[in-house]
Amino acid sequence: MSFFKDLKSLVREDADSPTLESAVNEKNPMFVYVKMPVDLDPMDRDERFAEPLQEALERENLGAVTGGGSMEPPPDELGEEHVFSGIDVNIFHAGKGLVLLRNELIRLNAPPGTSLLYELNGQELEEPIYPANIH
């Protein structure tokens, strides 16, 4: 199972159910994981990122922050360990919601390497919030 499918299972989503862009709405939200390559204290993560994201999502009626945490996956091929923090988000409109998340994370000075992980139309995606030549 992939990292993203494991995440979906942890948040009680059907890991094998594809998210179709045409079906994303308030009753059938799209799960997005905001992956930040830093180990943030839960209060810092909430104050700096989760709460402002929640306010922006509510203001535009585009989704809700549903959780978060820190994770230490198994070491990579070189034996290096990478700890990261994440925020779980449900989006009610795929296109507009992803744009809002990306813009707000940039505005909030999310650390370089922050990315959005999601599954859409049967394809798992991990998109950096910053263009490759910025930050």
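Quick note: structure is the one above.
Student: Where do I start with helix α3 (residues 94-107) in this structure?
Tutor: Helical geometry note: an α-helix holds 3.6 residues per turn, so side chains three or four residues apart project in the same direction. Between its first and last C-alpha atoms α3 spans 20 Å; for 14 residues at 1.5 Å apiece the expected length is 20 Å, and the two agree. For α3, the set of buried residues is Ala94, Gly97, Leu98, Leu100, Leu101, Arg102, Glu104 and Leu105. Where α3 is buried, its residues touch β1 (30-36), α2 (42-60), β3 (84-91), β4 (115-120) and β5 (123-128). Once α3 finishes, Asn109 follows within two positions and takes phi at roughly 60°, a positive value.

Student: What am I meant to see in the pairing of β4 here?
Tutor: When a strand is regular, its side chains alternate between the sheet's two faces. The buried count for β4 comes to six of six residues, which makes it a mostly enclosed element. Side-chain alternation along β4 places Ser115, Leu117 and Glu119 on one buried face and Leu116, Tyr118 and Leu120 on a second face that is also buried. In terms of strand pairing, β1 meets β4 through four bridges, oriented antiparallel. Looking across to β4, one finds that Val34 is bridged to Leu116. Bridge count for β4 against β5 is six bridges, and the pairing is antiparallel. Considered in β5, the bridge of Leu116 is made with Glu127. The antiparallel hairpin formed by β4 and β5 contains two residues in its connecting segment, where Asn121 sits at a positive phi of about 55°.

Cut-offs and rules
Residues numbered from 1 in each chain as written. Predicted model: local features only at pLDDT ≥ 70, side-chain atom pairs only at ≥ 80, totals over all residues. Heavy atoms only, no water. Helix = DSSP H or I, 4+ residues; strand = E, 2+ residues; numbered from the N terminus. Expected span 1.5 Å × (residues − 1). Buried < 20%, exposed > 50% of the residue type's maximum accessible area, 1.4 Å probe, protein only. Contact = heavy atoms within 4.5 Å. Pairing = 2+ DSSP bridges.

Coordinates in, geometry out; function isn't part of it.
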